[in-house]
Structure formats: structure tokens, C-alpha cells
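# Summary of the model geometry
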Amino acid sequence: MMFFKVVLSFLFAGSVAAISCNGNAALCSRKYSNVTQIGTHDSAFVGILPTDNQYESLTSQLNAGIRFLQAQTHVKNGALEMCHTTCAELDTGTLVSYLTTITTWMAANPNEVVTLLLTNGDGAAVSLFGAAMTSSGLSAYAYTPPSKLAMADWPTLQELIDKDTRLVMFLDYGANTATVPYILNEFAYFFETAYDVTDPKFSSCALDRPSGNSGAGLMMIVNHFLDLDIFGILIPDTFADSTTNAATGTGSIGAQADLCISTWGRTPNFILVDNFNIGKSASLRLISY
């Protein structure tokens, strides 16, 4: 399979040498835009309810090797909260608390580059996100590009580590680098495949967002998490996780990655999953060529 021709290693988290970048010394010389990694979809929603997307805590996700965290935010009483769709449905606490957990982990793990993608469901001002980053201390690790970067212009992981600018942050809507220079516009740098997928075969790798874009020059986020449609209500298909998060087979991470390679002629940058610890996704550390 083409996908596994571009995988240099499959390592279990915790079994890496001390001199490494994101768990693999071979990644140190690679540009940020030339690494494929597993990420956690809705990383803040932890539990066993239909509104949850991960079984393991945020710290456990990072300890296991996850370096791409995606999470939803909404405004509640003038502050940013980690809410699923609405704060009435599920509210797991403040954005500041979530970011502080990442700050604590990054301080203890100086050779790791973490990417954070937040959704801005209520169209909050980017200054609110900047204030939360400052309050949590995470802004100290944030990478600020010198200008809008082409894919080939990104620094290597080692360069990010050496400068201790190891947190790369994106916002789906409302970013303004004139206001907060390190919070980057997701769709200026990435395109995404469709989310809320109910097809267990994941038979498409078509661009879903940003609409009207060709995808040229953008990094790729693959939304590889399966939903069940229960009378029009979508919930995570947790019963399929062992298949959806498998390395090979119909509907697996590997199969959709192969499809994306054949569709786009390059490997995905990030592959988002639910319940990363089920199946093989927790043990995949991938390098794209």
C-alpha cells in the first residue's frame, strides 16, 4: 500500500530516545509542513457519553504521543469555554484551564512540537483567545511566522524546538495576525476533508473546506472519525473505533490515507480521530516524504 511506503517507523509512545523531535530523531530535520501525525478530534471532551470524543484525558493524549489537538470553543458569560456544540449540551471548563494543561505538559517536555487547532463557534474576537493564551502561559511557546508562509517555508521541528517556539496555533474563523500574531488562520494554511462522515468506508478525500478552493499550496487535515446518524442526530460511532482507527483494512486510517495520496499526490499532514487509544492510531508515528 502506498501509505505504508511513506511511513518510516511505527513506534510505541514512551519507547523513544531522549534526543528526538516529537518522538523520533528522524523528524528533527523535517519541515513542519512535511510531517504526518495523528491528532485528537474534540480533545477536550473526555468520557463515555455520546457527547464525548475521547476516552483519555488531555495529558494522557499528549503522553501517548498525540501532537495535534483540536477542540471546540464557545462563549459563555463573556468568557471562552470548552463546549460541545453549545454550552448547554456539554461544558468541560474554561479555555484557560485547557490551555494551562498544555502549558504544564510542554514545560516538562522540551523536545516536543504541539499543534493546536481551535474552533470559534460563536465568532468570538481573537483578542479573547489571545488573553486566554497569555493567562495560561502558553503564549510563551507560541510560534509567530515572519510572514504568511508557503508550505516550503516552514521551519523544521528542530528549529522550532531550538527557539522554544514549539506551539503552533490555528483558529478556524476570526484569526487576525495584526491583533494576535501567533494565532493563524486555519484556512490560509490548511484544507480539510468532510467531517460528520457516516460512511464507514471513508470513500472520499475530497476537499470540503474552504469552499471554492483548489487545495493547492495548503496542508491537509483528514477528518477520520465516524458518526452514527440516529434519526438525524449524529453521535460518535464508538463501536467502530477498532476498525476506523486501524492501520489497515476497509475504512481504516491507512486506507483513507492511501486514498488521499492517490487523490492529491501527497500525504496528509494531520489525521484527526476519535478515541485515539482504540485501534492502532495510538501507536502510529508517521513521516511523510
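An account of the accompanying structure is given in this report. None of the values given here were measured: they were computed from a predicted structure. (Residues numbered from 1 in each chain as written. Predicted model: local features only at pLDDT ≥ 70, side-chain atom pairs only at ≥ 80, totals over all residues. Heavy atoms only, no water.)

In this model, the largest pocket occupies a volume close to 680 Å³. Looking at the lining of the largest pocket element by element, the count peaks at four residues for strand S12 (residues 233–236). Taken together, the residues of the lining of the largest pocket break down into 10 nonpolar, 12 polar and seven charged. (1 Å grid on protein atoms, 1.4 Å probe; cavity = no way out; pocket = protein on both sides within 12 Å on 5 of 7 lines; lining within 4 Å. Points joined across faces, edges and corners; volume = space filled by probe spheres on them. Helix = DSSP H or I, 4+ residues; strand = E, 2+ residues; numbered from the N terminus. Nonpolar A, V, L, I, M, F, W, Y, C, P; charged D, E, K, R; others polar.)

With that out of the way, let us pick up the environment of Val180. Counting through the fold element by element, Val180 comes out in the loop between strand S6 (167–171) and strand S7 (183–185). It is 14 Å that separates the C-alpha atoms of Val180 and Ser135, two residues lying 45 residues apart in sequence. Leave out the neighbours within four places in its chain, and Val180 touches Val126, Ser127 and Gly130. (Contact = heavy atoms within 4.5 Å.)

Glancing now at the packing of helix H3 (residues 95–108) against helix H4 (residues 126–136). Two elements in contact, H3 and H4, have axes separated by 8 Å at closest approach and are oriented at 45°. Here H3 lies oblique to H4, going by the angle between them. In terms of crossing hand, the pair formed by H3 and H4 is right-handed. The residues of H4 that touch H3, namely those facing Leu95, Val96, Leu99, Thr100 and Thr103, are Phe129, Ala132, Met133, Ser135 and Ser136. For the contact of H3 with H4, the per-class residue count stands at six nonpolar, four polar and no charged. (Axes fitted to C-alpha atoms, helices over the stretch in contact; angles between N-to-C directions. Parallel < 35°, antiparallel > 145°, perpendicular 65-115°, else oblique. Left-handed = near helix turned anticlockwise from the far one by under 90°.)

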